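Single-letter residue listing:
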Amino acid sequence: SQKIEQNSEALNIQEGKTATLTCNYTNYSPAYLQWYRQDPGRGPVFLLLIRENEKEKRKERLKVTFDTTLKQSLFHITASEPADSATYLCALNQGGKLIFGQGTELSVKP
Amino acid sequence: SQTIHQWPATLVQPVGSPLSLECTVEGTSNPNLYWYRQAAGRGLQLLFYSVGIGQISSEVPQNLSASRPQDRQFILSSKKLLLSDSGFYLCAWSVPGTGAGRTDTQYFGPGTRLTVL
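None of the values given here were measured: they were computed from a predicted structure.

### Section: the overall build of chain B
Scanning chain B from terminus to terminus reveals zero helices and 11 strands. A globule of 117 residues ought to have a C-alpha radius of gyration of about 13 Å, and chain B, at 14 Å, matches this closely. Oriented by its inertia axes, the alpha-carbon framework of chain B measures out at about 45 × 30 × 25 Å. Element-wise, carbon and sulfur atoms account for 54% of the exposed surface of chain B, whose accessible area totals about 5500 Å². For chain B, the centre of its 8 positive side-chain charges and the centre of its 6 negative side-chain charges are spaced 7 Å apart.

### A closer look at the environment of G16 of chain B
Residues and elements named next belong to chain B. Note that G16 resides in the loop between β2 (10–13) and β3 (19–26). By relative accessible area, which is 36% here, G16 ends up partly exposed. Put simply, G16 and R113 are 97 residues apart on the chain and 18 Å apart in space, counted from C-alpha to C-alpha. Those residues in contact with G16 that lie beyond four places of it in its chain are K79, K80 and L81.

### Observations regarding the state of the cysteines
Residue and element names in this part refer to chain A. Under the defined criterion, the tally for this structure stands at two disulfides over all chains. Between C23 and C90 runs a disulfide, and the two sulfur atoms are separated by 2.0 Å. Torsion about the S-S bond of the C23 and C90 cystine: about 65 degrees, corresponding to right-handed handedness. Of this pair, C23 sits in strand β3 (residues 19–25) while C90 is found in strand β9 (residues 86–94), placing the two residues 67 residues apart along the sequence. Considered together, C23 and C90 belong to a single accessibility category, that of buried residues.

Cut-offs and rules
- Residues numbered from 1 in each chain as written.
- Chains lettered and ligands numbered in written order.
- Predicted model: local features only at pLDDT ≥ 70, side-chain atom pairs only at ≥ 80, totals over all residues.
- Heavy atoms only, no water.
- Helix = DSSP H or I, 4+ residues; strand = E, 2+ residues; numbered from the N terminus.
- Rg over C-alpha atoms; globule rule 2.2 N^0.38 Å.
- Areas by Shrake-Rupley, 256 points an atom, 1.4 Å probe, with all protein chains shown as cover.
- Lys, Arg positive; Asp, Glu negative; His and termini not counted.
- Charge placed at Lys NZ, Arg CZ, Asp CG, Glu CD.
- Buried < 20%, exposed > 50% of the residue type's maximum accessible area, 1.4 Å probe, protein only.
- Contact = heavy atoms within 4.5 Å.
- Disulfide = S-S within 2.5 Å.

Read these as spatial facts, not as claims about activity.
Below, the structure written as structure tokens:
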């Protein structure tokens, strides 16, 4: 079955820098991949979706790439702000459902 | 616009007591509905999903059950709680669809923090 791997260690960066989070999957390439943000004690919030035929997707300061050869997606936050601190989850579709990674906690220091 | 509600927000229950968590969605019809559990510092574990009234699929064998008595209402229940049932329970909905336009993007509720003592 499909497995998703995200950096288990928290990512600590300085305000203004670019944060890069990684999502790797093990088996077949999904039709699309999604990224969500989760704040402590809250439900995840959908951020971006990228399809298998798209190399890159942007939304304001966010950028997602999708490399089906490497079986990897990268999630970038440029000009990071302390308000970007949260856990970021990637998710793949499988049979009408989503499989979520464990998430990577991002901490942006002022 | 669509909104999703969950209640209660927090719950402390003794071992062996029953459980009923409710989730309702507004502003959409015939959504796919999902129950997840998230243990502290862990990922989301899909417990149940439903594509219509009375249609429930269980993902993980456990002492929990789910029901969908109305189109936009999803209930998570247990007859006797275990210590291991503690966690953060999330309900989510998605737009059902097929074909190239399908995304399965899920929209989550605020969650219920359950502590079993």
